[in-house]
Amino acid sequence: MQVTEIATRAGQVIGRCQRLASFSEDPKTTRRTFLSAPMRECHQEIARWMQPLGAQVRIDDAGNFRGVYPALQPNAPHLLIGSHLDTVPNAGAYDGILGVVLAIALLQELRGRELPFAIEVVGFSEEEGVRFGTPFIGSRALVGRVDQQFLSVQDARGISIRKAIEDFGLNPDQISQAALAADTLGYLEFHIEQGPVLERMNLPLAAVEAIAGQSRLELIFLGRANHAGTAPMNIRYDAVAGAAEWIGSVERVAQQIQGLVATVGNIEAKPGAANVIAGEARMTLDVRHSADNIRIRAVEDLVRQANEIATRRGLSVRETSLLSQPAVAMSPFLIGEIEKAIVKTGCQPHRMVSGAGHDAMIMAEKVPSAMIFLRTPGGISHDPAESVAQQDVEKAIECGLHLLDQLAAPEFFKRKNRA
Ligand SMILES: [Zn+2]
């Protein structure tokens, strides 16, 4: 393959991502939620790109785009490559979308060459959780985790997932047909890093080794509301002062544990007036790490510290666990193959943990899954300023082509059959 051709292809990938960003529910910015009208335009555009490649395209009953590029033999197993097509409000052009467009670029670069497996490009209908407050609707359908109860979840307008699927012209009762075939070989996802790590390391690509586990809690410090002018400093039960002390220790604990991130992202004081000592301070705590035992121990330690601080100040603490999601390891075999492919592009391989959740985490429940991160300029994402460098997209295409060649070797099939 010619270097200039890859550069042209990378430029086309970026152009196509920007084109898809124009299919939006909002007039001036990008917002494309689950099965909204612009999602249909997005599907039609991608179908126009894929059909000339000999791919069979369909929309499954969870609203996922599925395009199958044929294998050498009929009825060969599928290797899935993709990401999500929905966006957050005021989105950039690359989060999710890049992974779908890059998959199509790989098929273009195969130039009609067929491999021992079919390549199925998947564009998930929903990953961000914007419309229904619950993420991964698309990939959950592929692993068979969409049931009646899940379909009855409603959006802000009272429309259920079931109704949204029907309104799009699909059949929620046939959603089980979206499920992965038993002989599916695996799932690969290219995605922007959405953080500053690769930029700091001056590397274009990384293999994701795990998706971090996550704990989310609500903590409430309870004190006694009183007059800000008449209550002396030594006779106060100030909930916000206790909370502030604790927030400082959250940051210190996270800084001391390698790979741990901990965030108090929301705080609310009650009654919430300038001249009243707060009787209540309500906070969220989000803790993530690739090792579940480290994460769980950190959360226990932070809750214990909250209680110590409260006791010393004559306050009390109430904590509620909102989420405890285990870490998900990516396929060690695929990680190794991705690293080999990265080396073949002339780059240094790097393994990293994804602090954000991705479809690959859901797909890993059923098939060997892996992710390749692309450097994100400024670490900026979920914003119109989100971008990706053309040279990095070139490296991603090269990496993907090497990876497909490696996986086309008989060893991959032998491994899969043993697994
Ligand atoms: Zn994403």
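A quick note: this is a predicted structure, and the numbers were derived from the prediction, not measured. (Residues numbered from 1 in each chain as written. Predicted model: local features only at pLDDT ≥ 70, side-chain atom pairs only at ≥ 80, totals over all residues. Heavy atoms only, no water.)

(A) Spotlight on the coordination of the zinc ion. Distances from the zinc ion to its protein donors, namely His84 (NE2), Asp95 (OD) and His191 (NE2), fall within the range 2.0 to 2.2 Å. By relative accessible area, His84 is classed as buried at 0%. (Donors = N, O, S within 2.8 Å, 3.2 Å for Na, K, Ca; no water. Buried < 20%, exposed > 50% of the residue type's maximum accessible area, 1.4 Å probe, protein only.)

(B) The arrangement of the layout of surface pockets in detail. Volume-wise, the largest pocket comes out at about 580 Å³. Lining the largest pocket are 23 residues, with Val197, Val261, Val353, Ser354 and Gly355 positioned closest to its centre. Mapped by element, the contributors of at least two residues to the lining of the largest pocket are β9 (261–263), β12 (280–289) and β15 (351–354). Per-class residue counts for the lining of the largest pocket are eight nonpolar, ten polar and five charged. Roughly 430 Å³ of volume is contained in the second largest pocket. Around the second largest pocket, the lining is made up of 19 residues, and of these Pro135, Gln214, Arg216, Arg288 and Gly357 lie nearest the centre. Sort the elements by how many residues they give to the lining of the second largest pocket and strand β13 (residues 316–325) lands first, with three residues. Residues that form the lining of the second largest pocket fall into these classes: six nonpolar, eight polar and five charged. (1 Å grid on protein atoms, 1.4 Å probe; cavity = no way out; pocket = protein on both sides within 12 Å on 5 of 7 lines; lining within 4 Å. Points joined across faces, edges and corners; volume = space filled by probe spheres on them. Helix = DSSP H or I, 4+ residues; strand = E, 2+ residues; numbered from the N terminus. Nonpolar A, V, L, I, M, F, W, Y, C, P; charged D, E, K, R; others polar.)

(C) Representation of the packing of helix α10 (residues 332–344) against helix α12 (residues 390–407) within the structure. Contact pair α10 / α12: the axes reach a minimum separation of 8 Å and the direction vectors enclose 125 degrees. Here α10 is positioned oblique relative to α12, judged by the angle of their axes. Of the two possible hands of crossing, α10 and α12 adopt the one that is right-handed. In this structure, α10 uses Phe333, Leu334, Glu337, Ile338, Lys340, Ala341, Ile342 and Lys344 to contact α12, whose residues at the interface are Cys399, His402, Leu403, Gln406 and Leu407. (Axes fitted to C-alpha atoms, helices over the stretch in contact; angles between N-to-C directions. Parallel < 35°, antiparallel > 145°, perpendicular 65-115°, else oblique. Left-handed = near helix turned anticlockwise from the far one by under 90°. Contact = heavy atoms within 4.5 Å.)

(D) A look at the pairing of strand β6 (residues 205–211). Judged by how many residues are buried, β6 sits mostly within the fold: six of seven residues are covered. Relative to strand β16 (residues 369–374), β6 runs antiparallel, the two sharing four bridges. Each residue of the ladder has a partner; that of Ala207, found in β16, is Ile372. Relative to β15, β6 is paired through four bridges, and the arrangement is parallel. Residue Val208 lies in a different strand from β15, and its bridge partner there is Met352. Inspection of the sheet shows β6 paired to strand β14 (residues 328–329) by two bridges, in the antiparallel sense. Looking at β14, one finds that Ala210 is bridged to Ala329. (Pairing = 2+ DSSP bridges.)

(E) How the structure looks around helix α8 (residues 239–256). Helix length check: α8 (18 residues) gives 26 Å between terminal C-alpha atoms against 26 Å at 1.5 Å per residue, within 8%. The elements touched by buried residues of α8 are β7 (213–222), β9, β10 (267–270), β12 and α9 (292–312). Two or three places before Val240, at the opening of α8, Asp238 has a side-chain oxygen 2.9 Å from that residue's backbone nitrogen. (Expected span 1.5 Å × (residues − 1). Polar contact = N/O pair within 3.5 Å; in protein donor to acceptor, adjacent residues only side chain to side chain.)

(F) Seen up close, the packing of aromatic side chains. All told, the structure shown has three aromatic pairs when counted by the stated rule. Aromatic pair Phe34 and Phe132: ring centres 5.9 Å apart, planes at 75 degrees, arrangement edge-to-face. Residue Phe34 is found in the loop between α1 (3–21) and α2 (37–50), and its partner Phe132 is found in the loop between β4 (118–124) and α4 (137–142); the two are separated by 98 residues along the sequence. We note that Phe34, like Phe132, is buried. The cationic tip of Arg40 hangs over the ring face of Phe168; the distance from NZ or CZ to the ring centre is 4.0 Å. Its end group placed over the ring of Phe150, Arg140 keeps NZ or CZ at 3.9 Å from the ring centre. (Phe/Tyr/Trp six-rings, centres within 6.5 Å; stacked < 30°, edge-to-face > 60°. Lys NZ or Arg CZ within 6 Å of the ring centre and 35° of its normal.)

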